[in-house]
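Working through the structure, step by step
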Amino acid sequence: MSYSPHAAATQLASALRGFDHLFANEISSAKKVFASETDPFHLVGAGCLCFLEASLGLETSKMSEATRLLSLAEAGSRTALKTAAKSKSRASAAFPPGLEYEIANADTVVLLGITHALSESYMGYLQCIYAMNSAHGKFSKLYKTVFPNGLDSHTTPSITPFSWTPSPSLSFFSIAGRWGPGSSSPASSSTSSLSPPTPNGTLSVVEAGNPEEIQNLKNLIIAGTAFGFGLFNLVFSLLPKKAQSVAGLFGFAHSRRLALQALAVSAEYAAEGEVHGVFAGLVLMTYHGVVLLLSGYQADETRIIREYEGVVRGIEARYPKGALWILNRAKILRMTYDSESAIRVLKGGLEETRKDAEGEHSEGFKQADTLLVFELAWIYLSQRHYIESAEAFIKLTELNSWSHGTYYFIAAGCHISLAHSDGAQRLLDAIPNLLDKRKMGGKELPTEVLIKKRLTFYKEKQKLRGGDEAKFAECIRISPADELGIFWNTHNRISPSIAEAHIKDWSALSPPVGIDSPYMARPPSTTTPDLDTPDELALRLLLLGIAHRSIGCELTPYADNASACLRASRQLLSAAHALQSSIKVSTWIGGLAMFELAVLDLKEVEVEENNEKNGNSINPGLSADLKNRWKKALESARIKLDAAMALAPNSVDLSSRLDSRVVMLRDEIGMKAEMLGVTA
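Residues numbered from 1 in each chain as written. Predicted model: local features only at pLDDT ≥ 70, side-chain atom pairs only at ≥ 80, totals over all residues. Heavy atoms only, no water.

1. A short note on the pattern of salt bridges
As enumerated under the stated definition, the model contains 32 salt bridges in all. A salt bridge links Lys-504 to Glu-500, with the nearest nitrogen and oxygen atoms 3.9 Å apart. Here the residue Lys-504 and the residue Glu-500 both occupy positions in helix α20 (residues 496-507), the gap between them amounting to four residues, near one helical turn. Residues Arg-570 and Asp-601 are paired through a salt bridge, measuring 2.8 Å at the closest nitrogen-oxygen approach. Placement of the pair is Arg-570 in helix α22 (residues 562-578) and Asp-601 in helix α23 (residues 589-614), with a sequence separation of 31 residues. According to the relative accessible area criterion, Arg-570 is partly exposed, its value standing at 25%. (Salt bridge = Lys/Arg side-chain N within 4 Å of Asp/Glu carboxyl O. Helix = DSSP H or I, 4+ residues; strand = E, 2+ residues; numbered from the N terminus. Buried < 20%, exposed > 50% of the residue type's maximum accessible area, 1.4 Å probe, protein only.)

This is the structure:
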């Protein structure tokens, strides 16, 4: 069969309707569209849908089917590409014939690689590395073909340039429209501002008859190339340092700034329903959300939130009922300290899903809806809505097959916070069996390894206290939910009143903390202290240090006590770190305490900067003294991050999560140094 640009464009237009259904949570309708044809675009759609079901819900039963469908799509796109390569017809004078199939092929290779990794087997990881190596080469080649002059001429209206860009030549985006002067959208002109590659030999250019068809193909080529190139750069830039060194053996190089620029270029096509543009928007949303949640400090938080909102707003306008976009709208509200509104958005989204499940789109998108429940469970926990949080975490066990033991552990912690030891005990007793069922290929999840250690720790503590070992929940004084919440940074973006409530609860446990602050409670004297191990004492100090910093960074209405809280935070975190050599089980505490101290170094100067700006509206620039304090804080934070990593070898629980957080915070430190024009 010969290559026909018109046929390719028609196939793509049909497949795009399936993706429209997918992004709007209409899964049954999407499956019908993708099953209606067997061309590469429909096969990619079917494989992509199954991949999302497998990856978002970590559904092992879906992974084999995703692999089968993606393998069919990979073979089909490869065959179509070979056919197109022999043709003299091309969809556009700017690009070689069949380039759209090359992008579809690279897409399937990437998704196949990730699916292999989700199997959590040694062979799966090897297959993933091989696939990624292949796809990296494909997208690098595509990038040079589609963007021979780079990305600087491509504007992205929803994403603003960094205020610290030193010169126009280094700016993410130029003032002129991405498709030339006076043009503000990709579809407003059929002529790309790209310099087309010079064809080899004489080729007859056959344009599709329908301008919309040809524009769809051009959008796919440009947005797809930018997406693939940006995704690879971003993923590799976020890998832990050890993993980056391994990836380097395969020739992978990365630039996070270029990655975000490429993804932003691709995301501008999302409003028109271009598939890669929507996925680029999703990647940007995920990245911004993770940075805001886990890095601890952001060099330019206002810009991140503005860009995050811009991406969400553009896609949500096209797919208002899509669970993934509702999820990210709620995340933005949470990151801007409006958790109660975030709860309303998530509950509203789940209610819409329930109505749809009873109507035309009966199947819905269960895996995406599960993410709404997951986010809702954590927000409930952060707001001390313990009953609702426990119910939401238990609900997750009905929605996906991920670590049910982890969900039960957190739910049990909620009952501990409510002093419901019997309810907590029932959940804790069920965990060992759940962990055994979940174990795959001899490998346990990092959270499950930690949970097993904690269960053993609680039983030994109860035994040493002379209690009934079968009722070990009675001896738990610090909620396991609060403990795991540290790894999800649940105690960071909370209101001062929530932080104060936490401080009073934790400081009321005996023995006394020994460090004073305006919000500490005085525990009653007792011969049997609540906390009687270095592990528990260090954990309390870490939690109190984080909570005091949360209050200290607020200007009102706790401004009078801000300095005292920041001072107490440093003392508490330092004390937690000092206990590291005495800790027997929770050996992760020392590294986390040092990381939180690095965050504190930065947040303290940030508070000073905000105070200086608020008090000097005439000349809002930084004083020389403040800039010097920033330079010292940046250097101090870097030293502490080195120390944190030294305390987090692979043998320490959840060390990879700390590694990733350190990578993110180092990036924010570098960005702040560049904004200030200093070296640190």
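2. Notes on the nonpolar core
Membership of the largest hydrophobic core comes to 199 residues, with the highest contact counts inside it found for Leu-542 and Trp-588. If one sorts the elements of this core by residue count, helix α10 (residues 275-294) sits on top with 13 residues. (Core = buried A, V, L, I, M, F, W, Y, C linked by side-chain atoms within 4.5 Å.)

3. Some details on helix α11 (residues 301-318)
Spacing of three or four residues puts side chains on the same side of an α-helix, whose turn is 3.6 residues. With 18 residues, α11 should cover 26 Å at 1.5 Å per step; its first-to-last C-alpha distance of 27 Å lies within 8% of that length. Among the residues making up α11, those that are buried are Arg-303, Ile-304, Ile-305, Glu-307, Tyr-308, Gly-310, Val-311, Val-312, Ile-315 and Glu-316. The inward-facing, buried residues of α11 abut α10, α12 (323-335) and α25 (655-676). (Expected span 1.5 Å × (residues − 1). Contact = heavy atoms within 4.5 Å.)

4. Considering the packing of aromatic side chains
One pass over the structure, following the stated rule, counts 17 aromatic pairs. Note on Trp-378 and Trp-488: the rings are 4.9 Å apart at their centroids and 25 degrees apart in plane angle, and the pair reads as stacked. Within this pair, whereas Trp-378 is found in helix α14 (residues 366-382), its partner Trp-488 is found in the loop between α19 (480-487) and α20, the two being separated by 110 residues in sequence. With a relative accessible area of 2%, Trp-378 lands in the buried category. By relative accessible area, Trp-488 is classed as buried at 14%. Between Trp-402 and Tyr-407, the aromatic rings sit 5.5 Å apart at their centres with planes inclined by 55 degrees, giving tilted as the arrangement. Here Trp-402 matches Tyr-407 in class, with each residue buried. Connected via pairs of aromatic rings, a cluster forms that spans Phe-19, Phe-23, Phe-34, Phe-279, Tyr-319 and Trp-325. Of note, Arg-454 hangs over the ring of Phe-457, and the distance from its end group to the ring centre comes to 4.6 Å. The residue whose ring lies beneath Arg-657 is Trp-488, and the NZ or CZ to ring-centre distance is 4.5 Å. (Phe/Tyr/Trp six-rings, centres within 6.5 Å; stacked < 30°, edge-to-face > 60°. Lys NZ or Arg CZ within 6 Å of the ring centre and 35° of its normal.)

5. Quick notes on a negative patch on the surface
A cluster of acidic residues, Asp-422, Glu-460, Asp-468, Glu-469 and Glu-474, forms a negative patch on the protein surface. Within the element layout of this structure, Glu-474 appears in the loop between α18 (446-464) and α19. When its relative accessible area of 39% is taken as the criterion, Glu-474 is described as partly exposed. (Patch = residues over 30% accessible without salt bridge, like charges linked within 9 Å, V, L, I, M, F, W, Y side chains within 5 Å. Areas by Shrake-Rupley, 256 points an atom, 1.4 Å probe, with all protein chains shown as cover. Lys, Arg positive; Asp, Glu negative; His and termini not counted. Charge placed at Lys NZ, Arg CZ, Asp CG, Glu CD.)

6. Structural notes on the environment of Ala-9
Counting through the fold element by element, Ala-9 comes out in helix α1 (residues 5-23). You can call Ala-9 buried: its relative accessible area is 0%. As for Ala-9 and Lys-218, which are separated by 209 residues in sequence, their C-alpha atoms are 9.8 Å apart. Excluding anything up to four places from it in sequence, Ala-9 contacts Glu-213 and Leu-217.

7. Here we look at unusual backbone geometry
A cis geometry characterises the amide bond from Ser-510 onward to Pro-511, with omega recorded as 5 degrees. Secondary-structure assignment places Pro-511 in the loop between α20 and α21 (534-552). Despite not being glycine, Tyr-337 shows a phi value in the positive range, around 65 degrees. Structurally, Tyr-337 can be placed in the loop between α12 and α13 (339-357). At Asn-489, a position not held by glycine, the phi torsion is positive, near 55 degrees.

8. Comments concerning α22
Relative to the 24 Å expected for 17 residues at 1.5 Å per residue, α22 spans 24 Å between its end C-alpha atoms, a close match to the ideal helical length. The elements touched by buried residues of α22 are α21 and α23.

9. A short note on the packing of α11 against α12
Between α11 and α12, the least distance of the axes is 10 Å, while the angle of their chain directions is 155 degrees. In terms of orientation, α11 lies roughly antiparallel with respect to α12. Judged by the twist between their axes, the crossing of α11 over α12 is left-handed. Every residue of α12 that contacts α11 at Glu-301, Ile-305, Tyr-308, Glu-309, Val-312, Ile-315 and Glu-316 is listed here: Trp-325, Ile-326, Asn-328, Arg-329, Lys-331, Ile-332 and Met-335. Tallied by class, residues from the contact of α11 with α12 come to eight nonpolar, one polar and five charged. (Axes fitted to C-alpha atoms, helices over the stretch in contact; angles between N-to-C directions. Parallel < 35°, antiparallel > 145°, perpendicular 65-115°, else oblique. Left-handed = near helix turned anticlockwise from the far one by under 90°. Nonpolar A, V, L, I, M, F, W, Y, C, P; charged D, E, K, R; others polar.)

10. With respect to the environment of Leu-217
Within the secondary structure layout, Leu-217 lies in helix α7 (residues 211-238). Look at Leu-217 and you get buried, because its relative accessible area is 1%.

11. Quick word on the side chain of His-502
Locating His-502 in the fold gives a position in helix α20. Relative accessible area serves as the criterion here: at 2%, His-502 is assigned to the buried category. A distance of 3.1 Å separates a polar atom in the side chain of His-502 from a polar atom in the side chain of Arg-384. Filtering out sequence-adjacent residues up to four positions away, His-502 remains in contact with Arg-384, Tyr-386, Asp-482, His-491 and Ile-494. (Polar contact = N/O pair within 3.5 Å; in protein donor to acceptor, adjacent residues only side chain to side chain.)

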